[in-house]
Amino acid sequence: MLIKTKINNEQKYVKISEPSLDEYLNSAFLKFSIPPVSEGVRVYDETGTEVDADVFEEVAQQPNAGVFTIRFGDGSQGTTSSSCSEWMASSASPLLDIVTNSELELSACSSNDTIIVDEDDSPPRKRQKADKDAKHLVQSALTKKPGGDRIVKEYNRTKGLTDSSRRQMVNILAADMTETHGTSPPRHVREMYARGIVALFPYLMDPYSKNGYEHFYDGESGSGYLAWRLKTIQRKSVSSERRGSSRELKGGGPTTRRDASFNPEMTLSKEQCSEAISFMKHSSDEAAIKQRMKMTFQYRCSMVLDEEKSPDVLTEFPRFKDVKGLVEQDFILLFGENVASKFLERWPTTFKQKVIQQCKALPTSSELEELIHSAEATSYEEEMDDYPLDSGWDSDLSSIILLLHLIPPSAQGRKRPGKVSASQAEKHLVVFKKSGTSIQEHVDAISSTTKPYLLAIGMKKSAINEFFIVLDKQVIPCKSTSSLGAFDELFKAHFVFGTIYNPALYNMYTFIQTTVYNIDIGKVQESPRVAEVRARLLH
């Protein structure tokens, strides 16, 4: 968990493993390289309200927590100055020099207690020096290149960069890199430029990645905006050697074998499992069916991850197709209720409006403008007879489709179909049919196996009566009648049935998986665009 922290005029991210005040203060002291102080320390939020140990966990986990300020003393400096004196005395060595022009001012000490510690080999010191050097490198490159000053001014004004400004920044830095190190600069050089970007522009940092700059350059996979630009330069350079990238795919995602949250009281024998499956096929008692589904959960998990058996899951467990809520139940058994509830809790409050605002900065089109208008519409407007966008989806589903425009599909390569637009990708996400349409006829018309998608049935797109999940010509009814709830079930169906994401929707789904549900963070392969959008939405 990352918390923006300010001491005096210096502001940094502080990383903690658990949301407790003691853990936070210890980590902050280490991050700012100041001695631990046990008395007279207070933490305040952006409104100036004190955050004590009783409420720290709840306040810190709020999406809009903002910057926490650490202050020392309660009007007098006596207690904290004493603490500093004790620290100085216990740390006395040739490495401590009293100086007049201080480089390190401890906010826990009085103004007369300024000291400096000669640089050592401690990890915080090394990180600070690396960040400082990298920041200076990037700042220098942008200052001396045309257009660089405009990028810096834009960030200072908006605390972010538009897509075009980000592309220009990457081009400038890649050019600066190749001027000094050639078209194939070593890994540590590429990482230094990526580190410098987030050191100079901290709001571009991805809070969910290991270092925060992997969307600009990831040394492990050789991916990122800087890496892609360098590859373009290499292709255009006649003298450059073509190098194959050793891209190692990470684990994580719907097809990953994982330990389930649910631990059954007893493990069924093969005979007991067969009896439970047979019972479910003939029973009309939904409560009993759900109980037997829970009992056979482990068997089903092993089945969906077996390439030979997975196509038969819906044949073996056909009640998915007529008993609503079984997809939700299996997902809860797999991840727990806290994870299962995250999308419906966080999308309306944390992500929806930010996605809409980000999409307003995209290149305009009539389709995009219609989606934005629909996403901003109220339920009252949608129900009006003279509603101007009668052909559009409702507000919630429109905001999800906007995410497709904000994180569009990646190109599939030369041997596969080329670039897929967000509009084309939408057809792989949801299909609308008017009420009265035969669902069976729709399924019969499917000519090939398909990844899960939503089938929406209603009089118009903004007023859907029923949602279904279609998977390999099989139809599963959604428990929810709302578009947000139906999309939630669609996403979960990938994990319940061990189905990979549709390539056209992969970027959007990985964003939902890691950023909203917080599943397999750091394990799943993400596009740099996913990390970039996450950095924008979470800052």
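All residue numbers refer to position in the chain's written sequence, counted from 1. Selection of residues for local features in this predicted model requires a pLDDT of at least 70, selection of side-chain atom pairs for listing and counting requires 80 or more, and totals for whole chains, interfaces and linings are taken over all residues. Side-chain metrics rest on all non-hydrogen atoms present in the structure, leaving aside hydrogens and water.

Time to look at the overall build of the protein chain. Regarding its fold elements, the protein chain presents 23 helices and 10 strands. Across the 539 residues in the protein chain, those meeting the buried criterion constitute 46%. Areas reported as accessible are Shrake-Rupley estimates using a 1.4 Å probe. Residue values count occlusion only from the protein chains shown. If you sum the accessible surface of the protein chain, you get close to 28,000 Å²; carbon and sulfur atoms cover 48% of it. Runs of H or I in DSSP of at least four residues are treated as helices and runs of E of at least two as strands, each being numbered from the N terminus. Under the scheme applied here, a residue whose accessible area is under 20% of the maximum for its type counts as buried, over 50% as exposed, and between as partly exposed, the area being computed with a 1.4 Å probe on protein chains only.

Time to look at the confidence of the model for the protein chain. In the predicted model, the protein chain carries a mean pLDDT of 83, and the fraction of residues at 70 or more is 84%. Per-residue pLDDT stays below 50 along residues 74–120; that stretch engages in 55 contacts with residues further than four places along the chain or on separate chains. Considering only residues more than four positions removed or in separate chains, one finds that residues 238–249, a stretch of pLDDT under 50, has 13 contacts. Every residue gets a pLDDT, meaning the predictor's confidence in that residue, from 0 to 100. Pairs of residues are marked as contacts when any of their non-hydrogen atoms sit within 4.5 Å.

Here the focus is the sheet that holds strand 1 (residues 2–7). Taken together, four strands build an open sheet; the order of strands is 2-1-4-3 and the sheet is mixed. Pairing within the sheet leaves two strands with one partner each, and these edge strands are strand 2 (10–15) and strand 3 (41–44). Here the average twist between neighbouring strands, direction ignored, is 30°. Axis definition: a line fitted to C-alpha atoms, over the contacting stretch in the case of helices. Angles run 0 to 180 degrees between N-to-C directions. Packing against the sheet, helix 1 (residues 21–31) makes contact with strand 1, strand 2, strand 3 and strand 4 (67–72), and its axis sits at approximately 125° to strand 2. For two strands to pair, DSSP has to find at least two bridges joining them.

Here we take up the nonpolar core. By size, the foremost hydrophobic cluster in this structure holds 77 residues, and its most contacted members are Leu429, Phe497, Phe511 and Ile512. Broken down by element, the residue count for this core peaks at eight residues, all from helix 21 (residues 483–496). Core analysis: the second largest hydrophobic core is formed by 30 residues, Tyr155, Val198, Phe201 and Ala227 among them. Throughout, nonpolar core names a set of buried Ala, Val, Leu, Ile, Met, Phe, Trp, Tyr and Cys residues whose side chains join them through atoms within 4.5 Å.

Turning next to the packing of helix 13 (residues 326–335) against helix 21. Here helix 13 crosses helix 21 at 60°, and the two axes come no closer than 9 Å. Considering the angle they form, helix 13 stands oblique to helix 21. Crossing handedness for the pair helix 13 and helix 21: left-handed. From helix 13, Val327, Glu328, Asp330, Phe331, Leu334 and Phe335 reach across to helix 21, where they touch Asp488, Glu489, Lys492, Ala493, Phe495 and Val496. Lys, Arg, Asp and Glu make up the charged group, whereas Ala, Val, Leu, Ile, Met, Phe, Trp, Tyr, Cys and Pro make up the nonpolar group; the residues left over, Gly among them, are polar. Split into classes, the residues belonging to the contact of helix 13 with helix 21 amount to seven nonpolar, no polar and five charged. The scheme is simple: roughly parallel for angles under 35 degrees, roughly antiparallel for over 145, roughly perpendicular for 65 to 115, oblique for anything else. Crossing handedness: left-handed means the near helix sits turned counterclockwise from the far one by under a right angle, and right-handed means the same turn made clockwise.

Turning our attention to the packing of aromatic side chains. Each aromatic pair joins two rings of Phe, Tyr and Trp (for Trp, the six-membered one) with centres within 6.5 Å, and gets the label stacked for planes under 30 degrees apart, edge-to-face for over 60, and tilted for any other angle. The final tally for this structure, using the stated rule, is 28 aromatic pairs. Seen in terms of ring centroids, Phe331 and Phe495 are 6.1 Å apart; in terms of plane orientation they differ by 80°. Their pairing is edge-to-face. Of the two residues, Phe331 sits in helix 13 while Phe495 sits in helix 21, which places them 164 residues apart along the sequence. This pair shows no difference in class: Phe331 is buried, exactly as Phe495 is. Think of it as a cone above the ring: NZ of Lys or CZ of Arg counts as a charge over the ring if it is within 6 Å of the ring centre and within 35 degrees of the ring normal. The ring of Phe32 carries Lys12 above its face, with NZ or CZ at 5.3 Å from the centroid. Residue placement shows Arg300 over the ring face of Phe317; its charged tip is 4.7 Å from the ring centre.

As a further point, take the sheet that holds strand 10 (residues 474–477). By definition, the strands of a sheet pair up through backbone hydrogen bonds, in either a parallel or an antiparallel sense. Read across the sheet, four strands follow the order 7-8-9-10 without closing on themselves; strand pairing throughout is mixed. In the strand order of this sheet, the two ends are held by strand 7 (430–434) and strand 10, each with one partner. In this sheet, neighbouring strand axes are inclined to one another by 35° on average, regardless of whether the strands run parallel or antiparallel.

We count a salt bridge whenever a side-chain nitrogen from Lys or Arg sits within 4 Å of a carboxyl oxygen from Asp or Glu. Inspection of every chain in the model, using the stated rule, returns 22 salt bridges. A salt bridge links Glu50 to Arg42; the shortest N-O distance between them is 3.0 Å. Using a relative accessible area of 35% as the deciding quantity, one classes Glu50 as partly exposed. Among the salt bridges present, the one from Asp163 reaches Arg536, with a minimum N-O distance of 2.6 Å. Highlighted residues: Asp163 in helix 6 (residues 163–181) and Arg536 in helix 23 (residues 528–538), separated in sequence by 373 residues. Considered together, Asp163 and Arg536 belong to a single accessibility category, that of buried residues. Look at the salt bridges and you will find they share partners, linking Asp163, Arg166, Arg529, Glu532 and Arg536 into a network.

Now for the environment of Tyr517. Tracing the backbone through its elements, the reader meets Tyr517 in the loop between helix 22 (506–516) and helix 23. As for Tyr517 and Phe343, which are separated by 174 residues in sequence, their C-alpha atoms are 6.2 Å apart. Not counting the four nearest positions on each side in its chain, Tyr517 is found in contact with Phe331, Val339, Ala340, Lys342, Phe343, Asp488, Phe491, Lys492 and Ile512. Between N or O atoms, a polar contact is any pair within 3.5 Å; within protein, one atom must be a potential hydrogen donor and the other a potential acceptor, and residues adjacent in sequence are included only when both atoms are from side chains. Here the side chain of Tyr517 touches Asp488 through a polar contact of 2.2 Å, side chain to side chain.

Here the focus is the packing of helix 6 against helix 8 (residues 225–236). Between helix 6 and helix 8, the shortest axis-to-axis distance is 9 Å and the interhelical angle comes to 60°. Between helix 6 and helix 8, the angle is such that the two are oblique. Like other packed secondary-structure pairs, helix 6 and helix 8 cross with a definite hand, here right-handed. Of helix 8, the residues touching helix 6 (which contributes Arg166, Val170, Asn171, Leu173, Ala174, Met177 and Thr178) are Tyr225, Leu226, Arg229, Leu230 and Ile233. In the contact of helix 6 with helix 8, the residues fall into eight nonpolar, two polar and two charged.

Here Lys159, not a glycine, exhibits a phi torsion of approximately 60°, which is positive. Position of Lys159 relative to the elements: it lies in the loop between helix 5 (148–158) and helix 6. With a relative accessible area of 45%, Lys159 lands in the partly exposed category. If you check the backbone angles, Lys473 has positive phi at about 65° while not being a glycine. The topology assignment puts Lys473 in the loop between strand 9 (463–471) and strand 10. Given the relative accessible area of 38%, Lys473 is considered partly exposed.

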